[in-house]
Amino acid sequence: MTSNNLSTCCTIGTLHEGNPKGTIQDIENISTYITHPPNPTPSEPQPAILILTDVIGHRFRNAQLLADQFAAAGYLVVMPDLFTGDSVPLNRPQGFEIMEWAQNHQPPHTDPIIETILKYIRTTLGCQRVGGVGYCFGGKYVARFLRPGMGALDAGFTGHPTMMTAQELEAVRGPLSIAAAQHDPIFPAEKRRESEEILGKSDQAWQITVFSDVEHGFAVRGDPEVRRVRFAKEQAFRQAVAWFREFL
């Protein structure tokens, strides 16, 4: 793997303050958070962002606030429930075995959800270009769907990915940006270097940015009261937006 398995650090963090602006809708029986840009241009094809969440899921306030930020940057944002109602509550009690939970959330379970939502975005919503944003659990699936074809993503960004295999990264055929934490047992320095070596063999655009003195989950669940964490979280978001403005 180019990033290790899920661990306790994937379930802990700080709940952020704010009032999400989007709505929860059912798309082909998949509960989905959708949020729109403030001033869409009806005459132009609208680019979309598909957010693939961490294990806390699409009803997590932090994830919804991030989706609203991408919408404010000009994108139609769609964020589905990847876990069919079986997301992990924030800060689960000690003793929760996340890899046991993960057995019910492997690619055969998750890929069809993403395929259904991508089809909806491209057909029903009429979006010609779709960028993928994946945090933690969702980062693996940005790589899996960053490939040619209508059922795929056109550009991707991931923050602190988990469980991404070398084969998935080798198969990437689109621009990929990664935001990493300096202190991350799931995506440590040796895994980052392995990822660089794999991406460096491709002719696709790629980027790996490492933020100092922060931990796994900082881009979604980091404590905004800690200055260095808030800065890294905000910069990771700006990294994603800059990437999509160039490649989407």
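The numbering scheme is per chain: residues are counted from 1 as the chain's sequence reads. Only residues with pLDDT of 70 or above have their local features reported here, since the model is predicted, and side-chain atom pairs are shown and tallied only from 80 upward, although totals for entire chains, interfaces and linings are computed over all residues. By convention in this description, side-chain values take in all heavy atoms of the structure and omit both hydrogens and water.

A.B. asks: Can you help me understand the side chain of Lys 140 in this one?
C.D. replies: Strands here are runs of E lasting at least two residues and helices are runs of H or I lasting at least four, both read from the DSSP assignment and numbered beginning at the N terminus. One can find Lys 140 in helix H4 (residues 137-144). A simple rule labels every residue: compare its accessible area, found with a 1.4 Å probe on the protein chains alone, to the largest value its type can have, and call it buried under 20%, exposed over 50%, or partly exposed in between. Residue Lys 140 is classed as buried on the basis of its relative accessible area, which comes to 7%. At a separation of 2.9 Å, a polar atom in the side chain of Lys 140 contacts the main-chain carbonyl oxygen of Met 163. Polar contact is defined as a pair of N or O atoms within 3.5 Å, subject to the rule that within protein one atom must be able to donate a hydrogen and the other to accept it, and that residues adjacent in sequence are counted only when both atoms are side-chain atoms.

A.B. asks: Would you mind going over the pairing of strand S3 (residues 48-52) with me for this structure?
C.D. replies: Both faces of the sheet carry side chains from a regular strand, because those side chains alternate between them. A large share of S3 lies buried, amounting to five of its five residues. Crossovers are marked right-handed if the path from the first strand over the helix to the second runs clockwise, as seen with the strands pointing away from the viewer. Chirality of the crossover, the property in question, places the unit of S3, helix H1 (residues 61-72) and strand S4 (residues 76-80) among those that are right-handed. Each pair of strands is called paired provided DSSP finds at least two bridges between the two strands. In this sheet, strand S5 (residues 130-135) lies alongside S3 in parallel orientation, the contact comprising five bridges. In the strand pairing of S5, Leu 52 is matched with Gly 134.

A.B. asks: Would you mind going over the environment of Gly 132 with me for this structure?
C.D. replies: Checked against the element boundaries, Gly 132 lands in strand S5. Relative accessible area serves as the criterion here: at 0%, Gly 132 is assigned to the buried category. Once residues within four sequence positions are removed from consideration, Gly 132 is found in contact with Leu 50, Val 142, Leu 153, Ala 155, Gly 156, Phe 157 and Phe 244. Here, residues are in contact when the closest pair of their heavy atoms is within 4.5 Å.

A.B. asks: Help me out: how do you make sense of the layout of surface pockets in this one?
C.D. replies: Empty space among the atoms can be located by rolling a probe the size of a water molecule over them. Residues are called lining when one of their atoms sits within 4 Å of a cavity or pocket point, these points coming from a 1 Å grid over the protein atoms alone, where a cavity is a set in which a 1.4 Å probe fits but cannot get out and a pocket is an open set with protein on both sides within 12 Å along at least five of seven lines. Grid points are joined across faces, edges and corners, and a volume is the space filled by probe spheres set on the points. If you add up the space inside the largest pocket, you get close to 300 Å³. What lines the largest pocket is a set of 19 residues, among which Val 214, Glu 215, His 216, Gly 222 and Val 229 lie closest to the centre. Looking at which element gives the most residues to the lining of the largest pocket, the answer is strand S8 (residues 206-215), with three residues. Counted as a void, the second largest pocket has a volume near 210 Å³. In this structure, the second largest pocket is lined by 14 residues; those nearest its centre are His 16, Glu 17, Leu 65, Pro 224 and Lys 233. Going through the elements one at a time, H1 and helix H8 (227-247) are the ones with two or more residues in the lining of the second largest pocket.

A.B. asks: Would you explain H8 in this entry?
C.D. replies: At 3.6 residues per turn, the α-helix brings residues three or four places apart onto the same side. The span expected for a helix works out to 1.5 Å for each residue beyond the first. Spanning 21 residues, H8 covers 30 Å between terminal C-alpha atoms, matching the ideal 30 Å at 1.5 Å per step. Along H8, the positions that sit buried rather than exposed are Val 229, Ala 232, Lys 233, Ala 236, Phe 237, Gln 239, Ala 240, Val 241, Trp 243 and Phe 244.

A.B. asks: I tried to follow the sheet that holds strand S7 (residues 176-183) on my own but got confused; where do I start?
C.D. replies: One key point about sheets: their strands pair by backbone hydrogen bonds, in either a parallel or an antiparallel sense. Strand order in this open sheet of eight strands is S1-S2-S4-S3-S5-S6-S7-S8, and the pairing throughout is mixed. The open sheet terminates on both sides in strands that have one partner only, identified here as strand S1 (23-27) and S8. Each strand of the sheet is rotated relative to its neighbour by a mean of 25°, with strand direction disregarded. Helix H3 (residues 107-122) contacts S1, strand S2 (30-35), S3, S4 and S5 of the sheet and is inclined by roughly 165° relative to S3. Along the sheet face, helix H6 (residues 189-200) touches S7 and S8 and points at about 170° away from the line of S8. Every axis corresponds to a line fitted to the C-alpha atoms, with the helix fit spanning only the stretch in contact, and the corresponding angles, defined between N-to-C directions, vary from 0 to 180 degrees.

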